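Examination of the molecular architecture
Chain by chain, the residues run as shown.
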Amino acid sequence: MKTLKDVKIGGTSTVKKLHGDGAVKRRIMDMGITKGVPVYVRKVAPLGDPIEVTVRNYELSIRKADAEMIEVE
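Residues numbered from 1 in each chain as written. Predicted model: local features only at pLDDT ≥ 70, side-chain atom pairs only at ≥ 80, totals over all residues. Heavy atoms only, no water.

Some words on the pattern of salt bridges
- Within the structure shown, the criterion is met by seven salt bridges.
- Ionic pairing is found between Glu 71 and Lys 16, a salt bridge with its closest N-O pair at 3.8 Å. Taken as a pair, Glu 71 in strand 5 (residues 70-72) and Lys 16 in strand 1 (residues 12-18) lie far apart in primary sequence, 55 residues in all.
- The class for Glu 71 is buried, based on a relative accessible area of 12%.
- The class for Lys 16 is partly exposed, based on a relative accessible area of 40%.
- As a salt-bridge pair, Arg 26 and Asp 30 come within 3.5 Å of each other at their nearest N and O atoms. Taken together, the positions of Arg 26 and Asp 30, both in helix 1 (residues 22-30) and four residues apart, correspond to about one turn of that helix.
- Arg 26 sits in the partly exposed class, given a relative accessible area of 46%. (Salt bridge = Lys/Arg side-chain N within 4 Å of Asp/Glu carboxyl O. Helix = DSSP H or I, 4+ residues; strand = E, 2+ residues; numbered from the N terminus. Buried < 20%, exposed > 50% of the residue type's maximum accessible area, 1.4 Å probe, protein only.)

Next comes the structure, spelled out in structure tokens:
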């Protein structure tokens, strides 16, 4: 299973599935990360947390723990 955390800088992947419990999953979906949406990884902080991505034409920073819940293809 490949997650958003595994995508290299400059890479684009499509969201395949969201994992996690109710409130966490809902928060990720509220940020615009839903099934079938392409996500472009812009930058990663020096220690790997957070990850800056572009999704639905806006920039978003997400924690590494949240990125591990997003399965991509």
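Thoughts on the nonpolar core
- One finds Leu 4, Ile 33, Val 53, Leu 60, Ile 62 and Ile 70 to be the most contacted residues of the largest nonpolar core, which totals 18 residues.
- With three residues, the top contributor of residues to this core is strand 3 (residues 51-55).
- Sequence-distant contacts of Ile 70, defined by excluding residues within four places in its chain, comprise Lys 2, Thr 3, Leu 4, Val 15, Lys 17, Leu 18, Ile 28, Ile 33 and Ile 62. (Core = buried A, V, L, I, M, F, W, Y, C linked by side-chain atoms within 4.5 Å. Contact = heavy atoms within 4.5 Å.)

Digging into the pairing of strand 2 (residues 38-44)
- Of the strand pairs in this sheet, strand 1 and strand 2 are connected by three bridges, and their pairing is antiparallel. The partner of Thr 12 across the bridge, within strand 2, is Tyr 40.
- Bridging between strand 2 and strand 3 involves five bridges; their strand directions are antiparallel. Residue pairing for strand 3: Lys 43 is matched across the bridge by Glu 52. (Pairing = 2+ DSSP bridges.)

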